[in-house]
Amino acid sequence: MSTDAIVLLKDDHKTVEQLFKKFEQAGDNAHATKRKLVDSIVKELTTHAYIEETIFYPEARRAVPETEDHVLESVEEHHVVMWMLSELTKLEPQAENFDAKVTVLIENVRHHVEEEEKEWFPEVRKSMGRKQLQELGARMALAKADAPSDPLALQSA
């Protein structure tokens, strides 16, 4: 039995949150550690946004038309995040604004996750049946392999 789409997205959220916490706990001079963590954050968020934008959002929008404004807002939030990710890929961890940029990224993503999980996902779950969410989750899991590595390659960017 496959993981349903919302469970898959929440699992992604947990993975990214763990990376955020590790970044926040890294010392001021842990430049190599921070670089590795940010590279992982870029990969995870780019893949996550890709499956949301190409599969989940369109399906959720069809199933729950009244969430259209939330979908549009989410895509705009992705836009901001993808640009920040692209900047972070080129920025050295020793740069004076590296930690500040990551902090703003974390704040943006945490806000986005909270809105999705508390306000939007429950509506989608109510409107889509378990079978439909499982089929969607299977499609999304397979689509992760097709995600671009460059955040600016996403539709929202």
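The structure we're discussing is the one just above.
Scope of this entry: the structure provided in the associated data block. (Residues numbered from 1 in each chain as written. Predicted model: local features only at pLDDT ≥ 70, side-chain atom pairs only at ≥ 80, totals over all residues. Heavy atoms only, no water.)

**A look at the overall build of the protein chain**
Alright, step 1. Each helix and strand in the protein chain was counted, giving five helices and zero strands.
Alright, step 2. Relative to the compact-globule value of 15 Å for 157 residues, the protein chain shows a C-alpha radius of gyration of 16 Å, a close match.
Alright, step 3. Along the longest, intermediate and shortest principal axes, the C-alpha atoms of the protein chain span 50 × 30 × 25 Å.
Alright, step 4. Out of the 157 residues in the protein chain, the part that is buried amounts to 45%.
Alright, step 5. Residue pairs at least 24 apart in sequence account for 81% of intrachain contacts in the protein chain once pairs closer than 6 positions are excluded.
Alright, step 6. When the accessible surface of the protein chain is split by element, carbon and sulfur atoms take 50% of a total near 8,400 Å².
Alright, step 7. Each charge sign in the protein chain was given a centre, from 20 positive and 31 negative side chains, and these centres are 6 Å apart. (Helix = DSSP H or I, 4+ residues; strand = E, 2+ residues; numbered from the N terminus. Rg over C-alpha atoms; globule rule 2.2 N^0.38 Å. Buried < 20%, exposed > 50% of the residue type's maximum accessible area, 1.4 Å probe, protein only. Contact = heavy atoms within 4.5 Å. Areas by Shrake-Rupley, 256 points an atom, 1.4 Å probe, with all protein chains shown as cover. Lys, Arg positive; Asp, Glu negative; His and termini not counted. Charge placed at Lys NZ, Arg CZ, Asp CG, Glu CD.)

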